[in-house]
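Take a look at the letters that make up each chain.
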Amino acid sequence: MNTSSIALPAWMEIGLIPVLNIIMALFFAGLIMLAIGVNPLQAVGIMINGAFGYDEAIGYTLYYTTNFIFTGLAVAVAFHASLFNIGGEGQAYIGGLGVGLVFLLLDKYLPAVLLIPIGIMAAGLFGAAWAFIPAWLQAHRGSHIVITTIMFNFIAASIMVYLLVNVLIKPGQMSPESRVFDESAWLPFMHEFLGWFGVVVTRTPLNLSLFFALFCCFGVWIYIWRTRWGYELRTAGHSEHAARYAGIKPKTVVISAMCVSGALAGFVAVNEIMGVHHRLLLNFTAGYGFTGIAVSLMGRNHPVGIIMASLLFGVLYQGGAELAFEIPKITREMVVAIQGLIILFSGALALMLRPWVVKVYLKFKSADTLAPA
Amino acid sequence: MTISRLGVIAGMLLSASVATAADITPAVVFDMGGKFDKSFNQGVYDGVERFKAESGIEYREFEVTNETQREQAIRRMAQRGANPILGVGFAQAGPMETVAKEFPDVKFTLIDGVVDLPNVQSVVFKEQEGSFLVGLLAAMASSNQSVGFVGGMDIPLIRRFACGFEQGAKHASAQVDVVQNMTGTTPSAWNDPGRGSELAKGQFDRGVDVIYAAAGGTGVGVYQAAKDGGKLAIGVDSNQNYLHPGTMLTSMLKRVDVAAYNAFKDAMNDTWEPGMKVLGLAEEGVGWALDENNESLITDEMKAAVDAAAASIVAGDITVHDYMSDNTCTY
């Protein structure tokens, strides 16, 4: 029986099925742990405690979450226009270059109130510019966006290495990093921010970019579902021919969607460069751009779903690190395997359980309707 | 400089005597390559494993997977009461500096990077000196007067290897041609044997017959290509001669294992001191490998030349240029 057309209540679609998927993933992860002689319940306990158990853990979890929100949104916006932006990694990297260049030039001269908005704009503009080129090639030359964005990740990495090794490196130091920005260019840490209100929390990398990420979620929701541009974007995403018939220019949509997507990916630099590292360095993107694809898939390309999925990935990253820290038998490769299982069941096999859920649902429903009133 | 160094040492002497022998709880934070990278991190792993085997003292360990985890891991170790804490790789310098300030009573040792704090010991190596020696050997072993270098990720540290190698080769003979390639610009360049093999074959086609690989796991591909093509290759960091006896000319040794072992051992014996340790040829921190796997490849003439060069470097008669002192390779 084909069940894909049968509608389920929203709480089942958005709540129950993802939870079942995660339970499945944890079950298989548990089998792996049993195989190496680790108690799975203890491991899950360490993971949850390591992600939420104390304020430092929460700080790290939310810090990772911030990155995933940005890259997840970036993938989602492009996805609504039927574009698969795999270049989030490179766009985030170049976004960092934007922040770095602007701050290295201006941090001595401008106050924080000006520097921080300028830094955010630079991250977005550079990220958008890096997405613009593949977008233009897709729109006007038909080069497939998946291929070009992947290739642009490598170009971005090469540019960054060239600049950091040869041009922007602080002279006489081992590590290819720029000098540290002036403190006026630092986005306040959450522990500093809460400290202003008398709340004392442990020092973590979590900074105010979390609020900016949540603001971007709201902004993306408005953009996609409440503006004319969003309507055009979704229309062109569903059917290019219909869009053209309705007077929408698909080429413009491709370019604008990719630029918004690139800007969102570039905002990873707001968290990493402005918020945490305060200097330009190599590889700060650490694969967040790629993980954003899984986040967006799992979050069904909706900002609320993306926040939930980002939180889950934040838990996996931070809890996973604690797991590797506490149990020597669990190596970091094992943590990646557990993360992989969760992505597999929640992303690739997201709808595997749905037919059974529908059957159970129909059974209950028919029992309800048959029951004498 | 001297005054601040004295201050550092004085501060250390005051705080050094807190721990007594054998009550240490050592910890090591490996870097992104992971403890089984067959090269740099694994050298550290071998060193701390030797310490564990000899002393019976267990150590805590962590392998970082992204930039932010370095600081997190070092701090978590310190919070858990680990002392001393061993950091691996120059990239841990910034994070270690931050954490070392927060835990002034904890001893930190950083391998391959420098942190100027009274509770941090920085161990760095003169890779250029070891590279010079293998460059000399390479040039003498090359029948085409053409030697090659395959680096990992294109960063100043690897250019330091390349520059020392080039200077050593030219020292043997000014006519020697030195061909250089870097594997890539991302961290995957440390672990790309396929590309290493391609680069090596490319260099062989250009007439190179001895290749020095300073490229982590990528080097494995270079050594394999040399074996397949009947050419010679030179290993790096650990003694890799055993990988392909007969085509491994030698290995440039960088004794990170000794540095790691000593960091724990000195802490246990209460002889640990902060400050900078620069390990070059004179300190036997770098060198070249001669064992039963490559003794047939090293002629007496080569051995005499390399021993003479090593003696000159130790005596200061030859200065091997450090690329990172001025970011150029002029010697």
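A.B. asks: What am I meant to see in the pattern of salt bridges here?
C.D. replies: Note that side chains of opposite charge can pair when their charged atoms are close. Residue and element names in this part refer to chain B. Taken as a whole and judged by the stated rule, the model has 29 salt bridges over all chains. Among the salt bridges present, the one from Lys52 reaches Glu58, with a minimum N-O distance of 3.8 Å. On the basis of relative accessible area, Glu58 is assigned to the exposed category, the value being 57%. Between Arg75 and Glu102 there is a salt bridge, and its shortest N-O distance comes to 2.9 Å. Here Glu102 lies in helix H4 (residues 93-102) and Arg75 lies in helix H3 (residues 67-79), a separation of 27 residues in the sequence. One salt-bridge network, held together by shared partners, links Asp112, Glu127, Arg160, Lys254 and Asp322.

A.B. asks: Would you take a moment to explain the interface of chain B and chain A for this structure?
C.D. replies: Accessible area lost when the parts come together is the quantity often used to give the size of an interface. Opposite the 38 residues of chain B that make contact, chain A presents 37 residues. Around 3,100 Å² of area is buried between chain B and chain A when both sides are counted, 54% of it from carbon and sulfur atoms. One can count nine residue pairs in polar contact (both at pLDDT 80 or more) joining chain B with chain A. Of all the secondary-structure elements, those providing two or more residues to the side of chain B that touches chain A are strand S2 (60-63), H3, H4 and helix H6 (156-172) of chain B. Top element by residues in the side of chain B that touches chain A is H3 of chain B. It accounts for 10 residues.

A.B. asks: Would you mind showing me how to read the sheet that holds strand S10 (residues 248-254) of chain B here?
C.D. replies: Strand pairing in a sheet relies on backbone hydrogen bonds. The paired strands run either parallel or antiparallel. Residue and element names in this part refer to chain B. Sheet architecture is open: six strands sit in the order S7-S6-S8-S9-S10-S12, paired in mixed fashion. Edge positions in the open sheet fall to strand S7 (177-184) and strand S12 (286-288), since each of these has one partner strand only. Within the sheet, the average angular offset between the axes of one strand and its neighbour, ignoring direction, is 15°. The pairing of strand S6 (residues 146-153) with S7 spans seven bridges and is classified as parallel. For Ser146, the partnering residue across the bridge sits in S7 and is Asp177.

A.B. asks: Where do I start with the side chain of Ser209 of chain A in this structure?
C.D. replies: Mapped onto the secondary structure, Ser209 of chain A falls in helix H8 (residues 209-226). Those residues in contact with Ser209 of chain A that sit more than four places away from it in its chain are Thr66, Phe70, Leu187, Val270 and Asn271 of chain A.

A.B. asks: Before we go on, may I ask you to explain the packing of aromatic side chains in this structure?
C.D. replies: To describe a pair of aromatic rings, one takes the distance between the centres and the angle between the planes. Residue and element names in this part refer to chain A. Following the criterion strictly, the structure yields 27 aromatic pairs over all chains and no others. When the ring of Phe193 is compared with that of Trp196, the centres are 5.9 Å apart and the planes differ by 70°; the resulting orientation is edge-to-face. Within this pair, Phe193 and its partner Trp196 are both found in helix H7 (residues 190-196), separated by three residues, close to a single helical turn. Residue classification places Trp196 among the exposed positions, given a relative accessible area of 57%. Geometrically, the ring pair formed by Phe212 and Phe215 is stacked, given 6.3 Å between the ring centres and 25° between the ring planes. Here Phe212 pairs with Phe215, and both are found in helix H8, just three residues apart, close to one helical turn.

A.B. asks: Can you walk me through the domain arrangement of chain B in this structure?
C.D. replies: Residues and elements named next belong to chain B. Domain annotation for chain B reports domain 1 (24-126 + 259-279) and domain 2 (127-256 + 285-326). Once you take the C-alpha centre of each, domain 1 and domain 2 turn out to be 28 Å apart. Taken together, the 14 residues of domain 1 in the interface contact 17 residues of domain 2. Here domain 1 and domain 2 share an interface that buries about 1,200 Å² over both sides, 55% of which is from carbon and sulfur atoms. For domain 1, the biggest contributors to the area lost against domain 2 are Ser39, Phe125 and Lys126; these three give 49% of the whole. For the interface between domain 1 and domain 2, the tally reads two salt bridges. The shortest N-O distance in the salt bridge between Lys126 and Glu129 comes to 3.8 Å. Mapped by element, the contributors of at least two residues to the side of domain 1 that touches domain 2 are helix H2 (40-55) and helix H9 (256-268). Broken down by class, the residue content of the side of domain 1 that touches domain 2 amounts to eight nonpolar, two polar and four charged.

A.B. asks: I keep staring at H6 of chain B and nothing clicks. Help me out?
C.D. replies: Note that an α-helix has 3.6 residues per turn; residues three or four places apart therefore point the same way. The end-to-end C-alpha distance of H6 of chain B, which contains 17 residues, comes to 24 Å, matching closely the 24 Å that a straight helix rising 1.5 Å per residue would cover. Most of H6 of chain B sits inside the fold, with 14 of its 17 residues counted as buried.

A.B. asks: Would you mind showing me how to read the sheet that holds strand S4 (residues 108-111) of chain B here?
C.D. replies: Residues and elements named next belong to chain B. Taken together, the six strands give an open sheet; going across it, the order is S2-S1-S3-S4-S5-S11, and neighbouring strands pair in parallel fashion. Strand pairing shows two members of the sheet lacking a second neighbour, S2 and strand S11 (275-279), which therefore form its edges. In this sheet, adjacent strand axes meet at a mean angle of 15° when their direction is disregarded. Two elements, strand S3 (residues 85-88) and S4, share four bridges in a ladder whose sense is parallel.

A.B. asks: Just checking my understanding: could you explain the state of the cysteines for this structure?
C.D. replies: Under the counting rule described, the total for this entry stands at one disulfide over all chains. The partner cysteine of Cys163 of chain B in its disulfide is Cys329 of chain B, sulfur to sulfur 2.1 Å. Every disulfide takes its handedness from the sign of the S-S torsion; for Cys163 of chain B and Cys329 of chain B that torsion is 95°, giving right-handed. With a gap of 166 residues between them, Cys163 of chain B in helix H6 and Cys329 of chain B in the segment after helix H11 (323-326) connect regions that are remote in the sequence. On the basis of relative accessible area, Cys163 of chain B is assigned to the buried category, the value being 1%. Here Cys217 of chain A is not disulfide-linked; the sulfur of Cys216 of chain A is the nearest cysteine sulfur, at 7.2 Å. With no disulfide of its own, Cys259 of chain A has Cys216 of chain A as its nearest cysteine by sulfur position, at a separation of 16 Å.

Basis of the calculations
- Residues numbered from 1 in each chain as written.
- Chains lettered and ligands numbered in written order.
- Predicted model: local features only at pLDDT ≥ 70, side-chain atom pairs only at ≥ 80, totals over all residues.
- Heavy atoms only, no water.
- Salt bridge = Lys/Arg side-chain N within 4 Å of Asp/Glu carboxyl O.
- Buried < 20%, exposed > 50% of the residue type's maximum accessible area, 1.4 Å probe, protein only.
- Helix = DSSP H or I, 4+ residues; strand = E, 2+ residues; numbered from the N terminus.
- Contact = heavy atoms within 4.5 Å.
- Buried area = accessible area lost by both parts, 1.4 Å probe.
- Polar contact = N/O pair within 3.5 Å; in protein donor to acceptor, adjacent residues only side chain to side chain.
- Pairing = 2+ DSSP bridges.
- Axes fitted to C-alpha atoms, helices over the stretch in contact; angles between N-to-C directions.
- Phe/Tyr/Trp six-rings, centres within 6.5 Å; stacked < 30°, edge-to-face > 60°.
- Domains from an automatic or database assignment.
- Nonpolar A, V, L, I, M, F, W, Y, C, P; charged D, E, K, R; others polar.
- Expected span 1.5 Å × (residues − 1).
- Disulfide = S-S within 2.5 Å.

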